[in-house]
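Chain by chain, the residues run as shown.
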Amino acid sequence: MSGDSKISEKKSLKLSDYYLILYNVILTVGWSLILYVTVQTGLTWKTQNDVLTSKNLYKNNEFLLQIFQTAALLEVVHAAIGIVRSNPVLVFVQVLSRITVVWFVAYPFESPRSSVGILVVCTAWSFAEIIRYVYYALNIIGKIPYFITWCRYSFFIALYPIGVTGELICMYYAAKYLEPLNIRKRYSFLLPNNLNISFDIYYFFILTMLLYIPVFPILYKHMLAQREKILNGPSKKAKKQE
Amino acid sequence: MSLNVEILHSKSLKPVVTVQVGSSANVLDVKKAIQAQKSYLYPDRIMLRLEATGKPLKDEEKVSGNVKLYFKDLGPQVGWTTVFLTEYAGPLVIYLIFYLRPAFIYGSRSVKYQDVTNLACACWVFHYAKRLLETIFVHRFSHATMPIRNIFKNSFYYWGFAAFVAYFNNHPLYTPAAFGSLQIYIGFFGFLFNELGNLSIHLALRDLRPAGSKVRKIPFPTSNPFTFLFNFVSCPNYTYEIGSWIFFSIMTQSLPAFLFTLAGGYQMVIWALGKHRNYRREFEKYPRGRKAIFPFLL
């Protein structure tokens with residue numbers, strides 16, 4: 001979740017900075033809408049079962065989630081063409097897991113849609129993204145209150161593991177639904193075939209979930225290091241330029 | 001007369017040690033002098049440079065007058081032979097486990113192998129046995145060692161792909177060649193041809209370098225007709241190696257084997273471009289028309 005702008009407060013804004021401000025403002029609005037819909041939907045829930053099935057939440061948020069989570073792929077482009085100073089591979093890995101959840105877990109399968117995982121990801125993602133995009137937008141114009149910087153580099157400590165938990169819950173329900181062979185067959189490419197290779201969607205999800213074990217600590221440590229650098233960095237000047 | 005050489009760390013630029021060597025000392029002598037003071041720093045794991053980010057100095061180069069050298073710790077080292085043997089023994093054993101003990105891998109379904117499955121296993125075993133024997137009896141390495149983590153990285157690559165290919169090639173639901181025995185024969189003889197070509201190049205390269213030396217020469221075709229490829233590319237051993245795997249993939253009609261070909265091919269192209277560049281830099285009279293790995297193309 002890095003994407004710090006190149007610019008410091010002294011320099012004048014470049015064209016790419018106007019674009020980035022626009023991008024970050026739109027994404028802030030988008031994720032605020034998702035949070036708003038989440039809260040609105042949550043207020044209609046009466047029973048514990050409504051919560052555990054995230055009743056109506058996916059249906060209400062589907063379009064917004066698809067639009068604004070897919071838009072995050074642009075951040076990989078931003079990093080790759082150098083208008084933001086981040087490692088494009090790290091950004092891609094971070095976006096990839098969410099794209100997987102939105103398009104390859106929730107979109108095709110019913111069972112994750114009606115699991116508590118949707119509530120968890122909608123909540124954790126929207127809080128995390130709102131603070132992140134607000135931070136980026138303010139960072140580009142160089143007028144960033146310390147409070148925002150602190151939130152951006154502190155909230156993730158809780159929000160990131162919560163979000164990952166939600167993603168894993170969604171994947172678990174998808175995998176559980178896909179386990180019976182007659183269902184699995186519909187989404188897999190199984191032997192025998194002329195290419196002598198197979199793709200089994202059930203094992204694909206199991207493997208993807210296992211991949212969180214090595215990848216999550218790397219990304220989390222990266223964020224903790226960023227936090228250390230930015231909140232407790234050697235000088236306050238350097239802090240503002242990040 | 002002796003020389004005081006100050007050794008600075010190439011990252012922090014801080015002094016590491018100061019060593020004393022004879023006035024006619026070369027870089028290796030300096031490395032040995034460093035080891036005398038810091039025993040864990042054996043010469044193979046030390047890189048010395050004239051500038052902090054310059055070119056590494058060769059062991060034979062004299063140090064006369066250069067009283068400051070920049071030092072980099074390359075980390076624990078392991079011999080090339082050890083790395084190669086570990087890398088290549090894995091695929092041999094792994095493929096054979098899948099082939100000889102299918103019940104262990106695929107459950108107790110009875111397996112009647114296709115002829116091509118037996119042939120593929122023979123080719124695979126031949127290839128890796130050849131590599132192991134070449135490592136022991138043919139190759140002469142110009143570098144003695146490499147960083148120890150390479151052994152894990154490379155083994156993961158070779159062992160992983162071996163399991164990937166072996167799993168599908170020996171699978172009870174394996175589908176043999178769509179174009180029948182003709183496809184299998186083309187694949188098999190193409191594979192064999194390229195294996196012999198690869199061996200010929202390795203022998204030619206061995207003969208280029210006298211035993212125990214680090215001499216480098218321009219390779220040219222020898223009396224062995226397989227080596228004619230030296231007229232067109234700098235690294236025909238890789239050309240043949242890629243050829244081997246293309247034909248293996250055709251013979252077994254296996255996408256996993258083809259993916260292995262692509263991954264290996266990509267790596268070999270990178271190595272070939274590097275070696276090609278080194279040849280051209282090192283030898284003024286390096287043949288102009290020669291490409292790195294694919295004749296006339298790359």
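Residues numbered from 1 in each chain as written. Chains lettered and ligands numbered in written order. Predicted model: local features only at pLDDT ≥ 70, side-chain atom pairs only at ≥ 80, totals over all residues. Heavy atoms only, no water.

Peer 1: What's the story with the UniProt feature "transmembrane region" (unreviewed entry) in chain B in this structure? I'm lost.
Peer 2: Residues and elements named next belong to chain B. This chain's UniProt record puts "transmembrane region" (unreviewed entry) on residues 78–100, 156–172, 184–205, 226–248 and 254–273. In this annotation, residues 184–205 is assigned 100% helix and 0% strand; the end-to-end C-alpha distance for the span is 31 Å. A distance of 19 Å separates the end C-alpha atoms of residues 226–248, which is 57% helix and 0% strand. (UniProt positions renumbered as here; feature names shortened; annotations may be inferred. Helix = DSSP H or I, 4+ residues; strand = E, 2+ residues; numbered from the N terminus.)

Peer 1: It is not clear to me how the interface of chain A and chain B should be interpreted in this structure. Could you clarify?
Peer 2: As a measure of interface size, the accessible area lost when the parts come together is often cited. Taken together, the contact pairs 8 residues of chain A with 13 residues of chain B. Between chain A and chain B lies a buried interface of about 880 Å² when both sides are counted; carbon and sulfur atoms form 61% of it. Interface area lost by chain A to chain B is led by Leu191, Asn196 and Ile197 of chain A, which between them contribute 59%. On inspection of chain A and its partner chain B, the count reaches 5 residue pairs in polar contact (both at pLDDT 80 or more). (Contact = heavy atoms within 4.5 Å. Buried area = accessible area lost by both parts, 1.4 Å probe. Polar contact = N/O pair within 3.5 Å; in protein donor to acceptor, adjacent residues only side chain to side chain.)

Peer 1: Explanation requested: the UniProt feature "transmembrane region" (unreviewed entry) in chain A in the structure shown.
Peer 2: UniProt annotation of "transmembrane region" (unreviewed entry) refers to residues 21–43, 63–84, 89–109, 115–138, 150–175 and 201–220 of chain A when read in the numbering used here. In this annotation, residues 150–175 of chain A is assigned 88% helix and 0% strand; the end-to-end C-alpha distance for the span is 38 Å.

Peer 1: Would you take a moment to explain the packing of aromatic side chains for this structure?
Peer 2: Centre distance and the angle of the planes are the two values used to describe a pair of aromatic rings. On inspection of all chains with the given rule, the structure shows 54 aromatic pairs over all chains. The interplanar angle of 90 degrees and the centroid separation of 6.5 Å between the aromatic rings of Phe98 of chain B and Tyr167 of chain B together place this pair among those described as edge-to-face. Of this pair, Phe98 of chain B sits in helix α2 (residues 80–100) while Tyr167 of chain B sits in helix α5 (residues 149–169), and the two are 69 residues apart along the sequence. Judged by its relative accessible area of 11%, Phe98 of chain B is buried. Residue class for Tyr167 of chain B comes out partly exposed when judged on its relative accessible area of 30%. Above the ring of Tyr133 of chain A, the side-chain terminus of Arg132 of chain A is found at 4.7 Å from the ring centroid. The side chain of Arg152 of chain A reaches across the aromatic face of Tyr153 of chain A, ending 4.7 Å from its centre. (Phe/Tyr/Trp six-rings, centres within 6.5 Å; stacked < 30°, edge-to-face > 60°. Buried < 20%, exposed > 50% of the residue type's maximum accessible area, 1.4 Å probe, protein only. Lys NZ or Arg CZ within 6 Å of the ring centre and 35° of its normal.)

Peer 1: Before we go on, may I ask you to explain the packing of helix α1 (residues 15–43) of chain A against helix α4 (residues 73–81) of chain A in this structure?
Peer 2: Residue and element names in this part refer to chain A. Relative orientation of the contacting elements α1 and α4 amounts to 160 degrees, with a least axis distance of 12 Å. When the axis of α1 is compared with that of α4, the two are roughly antiparallel. Here α1 and α4 pass one another in a crossing that is left-handed. In this structure, α1 contributes Tyr19, Leu20 and Tyr23 to the contact, and α4 contributes Leu74, Glu75 and His78. Residues belonging to the contact of α1 with α4 are distributed by class as follows: 4 nonpolar, 1 polar and 1 charged. (Axes fitted to C-alpha atoms, helices over the stretch in contact; angles between N-to-C directions. Parallel < 35°, antiparallel > 145°, perpendicular 65-115°, else oblique. Left-handed = near helix turned anticlockwise from the far one by under 90°. Nonpolar A, V, L, I, M, F, W, Y, C, P; charged D, E, K, R; others polar.)

Peer 1: Looking at this structure, I do not really get the nonpolar core. What am I missing?
Peer 2: If you look at soluble globular proteins, the nonpolar side chains tend to sit buried side by side. Grouped together as the largest cluster of nonpolar side chains are 63 residues, with contacts concentrated most on Leu27, Trp31, Ile118, Trp125, Tyr133, Met171 and Phe205 of chain A. For this core, the secondary structure elements donating two or more residues are α1, α3 (57–71), α4, α5 (88–106), α7 (116–141), α8 (146–152), α9 (156–178) and α11 (201–231) of chain A. In terms of residue count, the dominant contributor to this core is α7 of chain A (11 residues). Setting aside chain neighbours within four positions, we find Ile118 of chain A in contact with Ser54, Leu57, Tyr58, Ala106, Pro112, Arg113 and Cys170 of chain A. Ranked by size, the runner-up nonpolar core spans 35 residues in total, among them Phe98, Cys121, Tyr128 and Ile184 of chain B. (Core = buried A, V, L, I, M, F, W, Y, C linked by side-chain atoms within 4.5 Å.)

Peer 1: Where do I start with the pattern of salt bridges in this structure?
Peer 2: Side chains carrying opposite charge are able to pair once their charged atoms draw close together. Applying the stated criterion across every chain yields a total of 11 salt bridges over all chains. One salt-bridge network, in which partners are shared between bridges, spans Glu75, Arg98, Glu129 and Arg132 of chain A. (Salt bridge = Lys/Arg side-chain N within 4 Å of Asp/Glu carboxyl O.)

Peer 1: Is there a simple way to explain a positive patch on the surface in this structure?
Peer 2: A cluster of basic residues, Lys11, Lys72, Arg149 and Lys153 of chain B, forms a positive patch at the surface. With respect to the helices and strands, Lys11 of chain B occurs in the loop between β1 (2–9) and β2 (15–22). (Patch = residues over 30% accessible without salt bridge, like charges linked within 9 Å, V, L, I, M, F, W, Y side chains within 5 Å. Areas by Shrake-Rupley, 256 points an atom, 1.4 Å probe, with all protein chains shown as cover. Lys, Arg positive; Asp, Glu negative; His and termini not counted. Charge placed at Lys NZ, Arg CZ, Asp CG, Glu CD.)

Peer 1: How should I be thinking about the packing of α3 of chain A against α4 of chain A in this particular structure?
Peer 2: Axes are the key here: two packed helices are described by the angle between their axes and the distance separating the axes. All names here are of chain A. Orientation of α3 relative to α4, taken along the N-to-C sense of each, is 10 degrees, at an axis distance of 4 Å. Viewed along their axes, α3 and α4 adopt a mutual orientation that is roughly parallel. Residues Gln69, Thr70 and Ala71 of α3 touch α4, and the partners they reach there are Leu73, Leu74 and Glu75. Within the contact of α3 with α4, the residues separate by chemical class into 3 nonpolar, 2 polar and 1 charged.

Peer 1: Looking at this model, I keep getting lost on unusual backbone geometry. Mind explaining?
Peer 2: Peptide bonds are, in most cases, trans, and in most cases residues other than glycine have a negative phi. With an omega of -5 degrees, the peptide bond between Leu191 of chain A and Pro192 of chain A qualifies as cis. Take Pro192 of chain A: it is sitting in the loop between α10 (181–187) and α11. Notably, Gln253 of chain B is not glycine yet its phi reads approximately 45 degrees, a positive angle. With respect to the element layout, Gln253 of chain B can be found in the loop between α7 (236–252) and α8 (255–282). Gln253 of chain B sits in the buried class, given a relative accessible area of 13%. Residue Phe296 of chain B is not a glycine yet carries a positive backbone phi of 65 degrees.

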